[in-house]
Amino acid sequence: MTAVPSALALSLALASCGGGNEQSAGGTSGEVVTDGSSTVQPLTAAAGELFSEENSGVNVSVATSGTGGGFEKFCAGETDISNASRAIEDEEKAICEEKGIEYTELRIATDALTVVTSKENDFVKCLTTDELKKMWEPGAEGKVTSWKQINPDFPDEKFELYGPGTDSGTFDYFTEEINGEEGASRSDYNASEDDNVIVKGVGGSPNALGYFGYTYFEENADTLKAVEVDSGDGCVAPSPEAAQEGQYSPLSRPLFIYVNKDSYAKKKQVSAFTDFYVEQDTAISEAAKFITLNDEQRTELETALESLKG
């Protein structure tokens, strides 16, 4: 259960787009250290895998401490790039500033945060944002445990909840949009920073429900079912089109990488990898089954890269 496509698939996808790293790092060697969001991990890992094919002396490491955990390491100067499923927050900005870490934010893809059940679940097709809140809000802990409590048409069966841990940007985004406050959530659920653990847990029980990035659903659609979400204008299924057009509300969101400016300026492997990531972003996103940027967002990404180059 992995969301990282093979190097061959990526190579073919890039070749079909006229890809290839036209400005190869040449004799560059060394390591590009990244950490952060498990949602963004497959995209950065795919970019790193393909980049290293053409630049064998460069190793791109991609760890998953969650968005918050990634920013902790990034602002301590331990990583070159931080993968994030939400924008950096004021408290994190202050820590980076205190440590003298300057950075550039690059939006590299779009995500449709996806609520999932097992394919064996035959009664949940759509949930309103109010029903999701009823399941996940802090006051539900130990009290709301049955599907029938969520909707009287559902069976009187105990549900199992799976979701990201508190260091996850996905957790931050979901709790803010659904529960009305970032970090506000019941704690009696199966939490993991590894989305594959959530995939396995939800897929193994007809009464389970969880949430994570769209890519992990796509990669596991044989065992999982995406739940449509109704925020007041009817049920909408997660999809690239719905996320890009703003119809999948409120669970469509931007995905980012944050690049340490000093690393970019002083480490050739970091600048070469970052340039490659941006130049080939559309093809990499498509190959890794992420939602690509629209034309306006793509222009903003290219402008941000130019500012990073100085």
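For the structure, check the block above.
In this text, all values refer to a predicted model and were calculated from it rather than measured experimentally. (Residues numbered from 1 in each chain as written. Predicted model: local features only at pLDDT ≥ 70, side-chain atom pairs only at ≥ 80, totals over all residues. Heavy atoms only, no water.)

K.L.:
Give me the layout of surface pockets: which residues, what numbers.
P.N.:
Here the idea is plain: a probe the size of a water molecule rolls over the atoms and shows the empty space left. Reported here for the largest pocket is a volume of approximately 210 Å³. Every residue along the wall of the largest pocket is listed here: Gly-68, Phe-71, Glu-72, Cys-75, Arg-86, Glu-89, Glu-91, Glu-92, Ile-95, Thr-166, Asp-167 and Asp-172. Breaking the lining of the largest pocket down by element, the ones donating at least two residues are α3 (66-75) and α4 (90-98). Top contributing element to the lining of the largest pocket by residue count: α3, with 4 residues. Within the lining of the largest pocket, the residues separate by chemical class into 3 nonpolar, 2 polar and 7 charged. (1 Å grid on protein atoms, 1.4 Å probe; cavity = no way out; pocket = protein on both sides within 12 Å on 5 of 7 lines; lining within 4 Å. Points joined across faces, edges and corners; volume = space filled by probe spheres on them. Helix = DSSP H or I, 4+ residues; strand = E, 2+ residues; numbered from the N terminus. Nonpolar A, V, L, I, M, F, W, Y, C, P; charged D, E, K, R; others polar.)

K.L.:
Which residues make up the packing of aromatic side chains, and what values go with them?
P.N.:
For the structure shown, the criterion picks out 17 aromatic pairs. Both rings, one in Tyr-103 and one in Tyr-258, keep their centres 5.7 Å apart while their planes meet at 70°; by these two values the pair is edge-to-face. Highlighted residues: Tyr-103 in strand β4 (residues 103-112) and Tyr-258 in strand β13 (residues 252-260), separated in sequence by 155 residues. Ring geometry for Phe-273 against Tyr-277: centres 5.5 Å apart, planes inclined by 55°, an arrangement best described as tilted. Placement of the pair is Phe-273 and Tyr-277 together in helix α12 (residues 268-279), with a separation of 4 residues, close to one helical turn. What makes Tyr-277 buried here is its relative accessible area of 0%. Feature note: the residues Phe-71, Phe-74, Tyr-103, Phe-256 and Tyr-258 constitute an aromatic cluster, connected by ring pairs. Looking at Arg-253, its charged tip hangs above the ring of Tyr-173, at a distance of 5.9 Å from the centre. (Phe/Tyr/Trp six-rings, centres within 6.5 Å; stacked < 30°, edge-to-face > 60°. Buried < 20%, exposed > 50% of the residue type's maximum accessible area, 1.4 Å probe, protein only. Lys NZ or Arg CZ within 6 Å of the ring centre and 35° of its normal.)

K.L.:
Lay out the pattern of salt bridges with the relevant residues and their values.
P.N.:
Overall, the coordinates contain 12 salt bridges when judged by the stated rule. Asp-262 serves as the salt-bridge partner of Lys-266, at 3.2 Å between the closest nitrogen and oxygen. Here Lys-266 pairs with Asp-262, and both are found in helix α11 (residues 261-266), just 4 residues apart, close to one helical turn. By sharing partners, the salt bridges in this structure join Arg-86, Glu-89, Glu-92 and Asp-172 into a single network. (Salt bridge = Lys/Arg side-chain N within 4 Å of Asp/Glu carboxyl O.)

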